[in-house]
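The chain contents come next:
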Amino acid sequence: MKSQSHPSPGTVYLIGAGPGDPDLITVRGAEILKAADVIVYDRLANPELLSYTRTESEHIYVGKRPGKPSVSQSQINEILASKAREEKSVARLKGGDSFVFGRGGEECEALAASGVPYEVVPGISSSLAAPAYAGIPLTYRNEARSFTVVTGHILDGENPCANWEYLVHADTLVILMGMRNLGVISEKLIQFGRHPGTPVAVIERATYEEQNVVAGRLDNIADRAKELSSPATIVVGEMVEKGRELAWFRKNLDQPELQVEFNSKFVG
């Protein structure tokens, strides 16, 4: 069934804000933001998107920062449900796509349990956008037939959820939220059989004007990327080498050294 063009009172809309550039939000997502009564937004949703909203709309920030006091998930669930019960249309704005490590499923379950109707508006995940903006195809005919996306939060040596035997065989491995554990991730992939010389790229602030890409090998990327910070996307695999020739973002700006800098960080 086609979704209604105008947000309905008493309904929560889980909107994927996309990877950063506000122009990458979907048409449907922008439509909801322009008409919603309440905007509940995360840290990784570009604040420029709030300019789409009505001046009388209510804005509630619920962003989480590692190691900092923040609104709990249960509190967020209650905010969404309570605002909907007030017969307000609620836009839940989340970075990337809410169903890709965004706890969108948990929020939908909580809303369903509360009897609150909801709609999911997909967004462009950084797992797709960051490699694309670095000129790195995730798949390539006859060379990379699949890609795997994981969260770096579980990829540590003690966590049984990290299926290293499987991950080392991924044609292209994309790791989100992995900067803090980049050294451990690299060591474990090598330990479980991935070649130390496997190309790796770290894409910081993908799709923003200040996007920065550092590339190297599995055995040296942790050192090369130590100055980068989150949000950043890690890409592991031979497709990273395609970035030498396919990187396009900002190439048309009067900053040709960016392309040279990107290429120079690959190690043969």
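The sections below set out a description of the structure shown in this document. (Residues numbered from 1 in each chain as written. Predicted model: local features only at pLDDT ≥ 70, side-chain atom pairs only at ≥ 80, totals over all residues. Heavy atoms only, no water.)

1. Focus: the packing of helix 2 (residues 73–85) against helix 3 (residues 104–113)
Part 1 of the reasoning: Orientation of helix 2 relative to helix 3, taken along the N-to-C sense of each, is 50°, at an axis distance of 10 Å. If you check the angle between helix 2 and helix 3, you find them oblique. The element helix 2 and its partner helix 3 pack so that their crossing is right-handed. Judged by residue contacts, Gln 73, Ile 76, Asn 77, Leu 80 and Ala 81 of helix 2 engage Glu 106, Glu 107, Ala 110 and Leu 111 from helix 3.
Part 2 of the reasoning: Here the contact of helix 2 with helix 3 is built from residues that sort into five nonpolar, two polar and two charged. (Axes fitted to C-alpha atoms, helices over the stretch in contact; angles between N-to-C directions. Helix = DSSP H or I, 4+ residues; strand = E, 2+ residues; numbered from the N terminus. Parallel < 35°, antiparallel > 145°, perpendicular 65-115°, else oblique. Left-handed = near helix turned anticlockwise from the far one by under 90°. Contact = heavy atoms within 4.5 Å. Nonpolar A, V, L, I, M, F, W, Y, C, P; charged D, E, K, R; others polar.)

2. Notes on the sheet that holds strand 9 (residues 212–217)
Part 1 of the reasoning: Spatial strand order, 6-7-10-8-9: five strands in an open sheet with mixed pairing. Two strands in the sheet have a free side with no partner beyond their single neighbour: strand 6 (147–151) and strand 9. Ignoring which end each strand starts from, the neighbouring axes of this sheet average 20° apart. (Pairing = 2+ DSSP bridges.)

3. A closer look at helix 3
Part 1 of the reasoning: Residues Gly 104, Glu 107, Cys 108 and Leu 111 constitute the buried set of helix 3. Down the axis of helix 3, the buried side of the element spans an arc of 100°, and every buried residue falls inside it. Residues of helix 3 that are exposed and point more than 90 degrees away from the buried face comprise Glu 109 and Ala 113.
Part 2 of the reasoning: Packed against the buried residues of helix 3 are strand 1 (12–16), helix 2, strand 4 (90–94) and strand 5 (118–121).
Part 3 of the reasoning: Phi for Gly 115, located one or two positions after helix 3, is positive at around 75°. (Buried < 20%, exposed > 50% of the residue type's maximum accessible area, 1.4 Å probe, protein only. Arc of directions from axis to C-beta.)

4. Quick word on the side chain of Ser 125
Part 1 of the reasoning: The residue Ser 125 is located in the loop between strand 5 and helix 4 (126–133) in this model.
Part 2 of the reasoning: Since its relative accessible area comes to 6%, Ser 125 is described here as buried.
Part 3 of the reasoning: In this view, Ser 125 contacts Gly 96, Asp 97, Val 100 and Leu 176; residues no more than four positions away in its chain are not counted.

5. What about the pairing of strand 4?
Part 1 of the reasoning: Taken across its five residues, strand 4 has five buried, putting it largely inside the fold.
Part 2 of the reasoning: When strand 1 meets strand 4, the two strands line up parallel, connected through five bridges. Residue pairing in the sheet places Gly 16 in a bridge with Lys 94 of strand 4.

6. A few points about the sheet that holds strand 5
Part 1 of the reasoning: Strand order in the open sheet formed by five strands is 3-2-4-1-5, and the pairing between neighbours is parallel. Both outer strands of the open sheet, strand 3 (58–61) and strand 5, are each paired with one neighbouring strand and no more. On average, each strand axis in the sheet is inclined to that of its neighbour by 20°, with strand direction left out of account.
Part 2 of the reasoning: Along the sheet, helix 2 makes contact with strand 1, strand 2 (38–41), strand 3 and strand 4, crossing strand 4 at roughly 155°.

7. Description of helix 1 (residues 27–35)
Part 1 of the reasoning: Of all the positions in helix 1, only Arg 28, Gly 29, Ala 30, Ile 32, Leu 33 and Ala 35 are classed as buried.
Part 2 of the reasoning: Those residues of helix 1 that are buried lie in contact with strand 1, strand 2, strand 4 and strand 5.

8. Some details on the nonpolar core
Part 1 of the reasoning: By size, the foremost hydrophobic cluster in this structure holds 21 residues, and its most contacted members are Leu 173, Met 179, Leu 189, Val 202, Ile 234 and Val 236.
Part 2 of the reasoning: If you list the elements that add at least two residues to this core, you get helix 5 (164–167), strand 7 (172–176), helix 6 (182–191), strand 8 (199–204) and strand 10 (232–236).
Part 3 of the reasoning: Each residue touching Ile 234, except ones within four places of it in the same chain, is listed here: Leu 173, Val 174, Ile 175, Gly 178, Met 179, Leu 182, Val 200, Ala 201 and Val 202.
Part 4 of the reasoning: By size, the runner-up hydrophobic cluster in this structure holds 16 residues, among which are Ala 17, Ile 25, Leu 50 and Leu 93. (Core = buried A, V, L, I, M, F, W, Y, C linked by side-chain atoms within 4.5 Å.)

9. Brief notes about the pairing of strand 2
Part 1 of the reasoning: On strand 2, burial covers both faces: Val 38 and Val 40 on one face and Ile 39 and Tyr 41 on the other are all buried.
Part 2 of the reasoning: Pairing between strand 2 and strand 4: four bridges, direction parallel. When the bridges of strand 4 are listed, Ile 39 appears paired with Ala 91.

10. Focus: the packing of aromatic side chains
Part 1 of the reasoning: Under the definition given, this model contains five aromatic pairs.
Part 2 of the reasoning: Ring pairs connect the aromatic residues Tyr 133, Trp 248 and Phe 249, which therefore count as one cluster.
Part 3 of the reasoning: Lys 242 extends its terminal NZ or CZ atom over the ring of Tyr 140, reaching a point 3.9 Å from the ring centre. (Phe/Tyr/Trp six-rings, centres within 6.5 Å; stacked < 30°, edge-to-face > 60°. Lys NZ or Arg CZ within 6 Å of the ring centre and 35° of its normal.)

11. A short note on the environment of Ala 84
Part 1 of the reasoning: Mapping Ala 84 onto the fold places it in helix 2.
Part 2 of the reasoning: Spatially, the C-alpha atom of Ala 84 lies 9.5 Å from that of Tyr 118, the residues being 34 residues apart in sequence.
Part 3 of the reasoning: Non-local contacts of Ala 84, meaning those with residues more than four positions away in its chain, are made with Gly 10, Thr 11, Val 12, Val 90 and Val 116.

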